[in-house]
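Listed here are the chains, written in short residue letters.
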Amino acid sequence: MLPAELPQALNNIGINENVEGDSYSITFLSTPPDDLVGGWGRFETVGSLEVVPESEYQSNQQFDVVSTEDVDLPDGTESKLRYMQPASDTAMYGSRWEGTFDKNGHTYTLWVSLGQNGEEITRQALSSMVEVE
């Protein structure tokens, strides 16, 4: 599953080469990448779509959930949109919006770290998620 419509802030896309097995990760970058496939530092990344088998999913313990709301996908699948803050005061990263849902044996996590409009960007991308072949 992928977003059918990407907000402008998520237009710079890369495929994370460090993902193996029955998983994938699409990285949303702050600037266009030199190569479509690669590995990028946190400072270059504004978000990500990470997909793993449900049996391998683990919530990110580096963040605490501040708020949660439901967002429906076009096919009726319900996702959870959560505002997340770093669990530690010494974290080298900031807050983020995270949408999570299960579909066809996989857990999908879309997160965006873009300040004030991160909620709307994450909601827009989540609400356009569709199956692709």
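Just so it is clear, the model here is predicted, and its values are computed rather than measured.

S.K.: Honestly, the pairing of strand β5 (residues 45-53) in this entry has me stumped. Any pointers?
M.R.: Look at any regular strand and the pattern is simple: side chains alternate between the two faces of the sheet. Of all nine residues in β5, seven are buried, a share of seventy percent or more. Where strand β3 (residues 24-29) and β5 come together, six bridges link them in antiparallel fashion. Bridging from a neighbouring strand, Ser 25 pairs with Glu 50 of β5. Where β5 and strand β9 (residues 106-112) come together, seven bridges link them in antiparallel fashion. If you follow Val 51 over to β9, its bridge partner there is Tyr 108.

S.K.: Before we go on, may I ask you to explain the environment of Gly 115 in this structure?
M.R.: Tracing the sequence through the fold places Gly 115 in the loop between β9 and α1 (118-126). Spatially, the C-alpha atoms of Gly 115 and Ser 95 are 7.9 Å apart, while their sequence positions differ by 20 residues.

S.K.: I'm lost on the pairing of strand β7 (residues 78-86) in this one. Help?
M.R.: Relative to β7, strand β6 (residues 63-72) runs antiparallel, the two sharing nine bridges. If you follow Val 65 over to β7, its bridge partner there is Met 84. The antiparallel hairpin formed by β6 and β7 contains five residues in its connecting segment, where Gly 76 sits at a positive phi of about 95°. For β7 and strand β8 (residues 96-103), the ladder comprises five bridges, and the chain directions are antiparallel. The partner of Arg 82 across the bridge, within β8, is Glu 98.

S.K.: Hey, could you run me through a nonpolar patch on the surface in this one?
M.R.: A grouping of Ile 15, Leu 36 and Val 37 is seen on the molecular surface, where their side chains present a nonpolar patch of about 260 Å² in accessible area. Counting through the fold element by element, Ile 15 comes out in strand β2 (residues 13-16). A relative accessible area of 37% places Ile 15 in the partly exposed class.

S.K.: Help me understand the layout of surface pockets in this model?
M.R.: To find leftover empty space, one rolls a probe the size of a water molecule over the atoms. When its volume is computed, the largest pocket comes out at roughly 570 Å³. If you trace the largest pocket, you find 26 residues lining it, with Ser 25, Ser 48, Glu 50, Asn 60 and Trp 111 closest to the centre. Looking at the lining of the largest pocket, the elements that each hand over two or more residues are β3, β5, β8 and β9. In terms of residues, the lining of the largest pocket owes the most to one element, β5, which gives five residues. For the lining of the largest pocket, a count of residues per class yields seven nonpolar, 14 polar and five charged.

So, how was this worked out
- Residues numbered from 1 in each chain as written.
- Predicted model: local features only at pLDDT ≥ 70, side-chain atom pairs only at ≥ 80, totals over all residues.
- Heavy atoms only, no water.
- Buried < 20%, exposed > 50% of the residue type's maximum accessible area, 1.4 Å probe, protein only.
- Helix = DSSP H or I, 4+ residues; strand = E, 2+ residues; numbered from the N terminus.
- Pairing = 2+ DSSP bridges.
- Patch = residues over 30% accessible without salt bridge, like charges linked within 9 Å, V, L, I, M, F, W, Y side chains within 5 Å.
- Areas by Shrake-Rupley, 256 points an atom, 1.4 Å probe, with all protein chains shown as cover.
- Salt bridge = Lys/Arg side-chain N within 4 Å of Asp/Glu carboxyl O.
- 1 Å grid on protein atoms, 1.4 Å probe; cavity = no way out; pocket = protein on both sides within 12 Å on 5 of 7 lines; lining within 4 Å.
- Points joined across faces, edges and corners; volume = space filled by probe spheres on them.
- Nonpolar A, V, L, I, M, F, W, Y, C, P; charged D, E, K, R; others polar.

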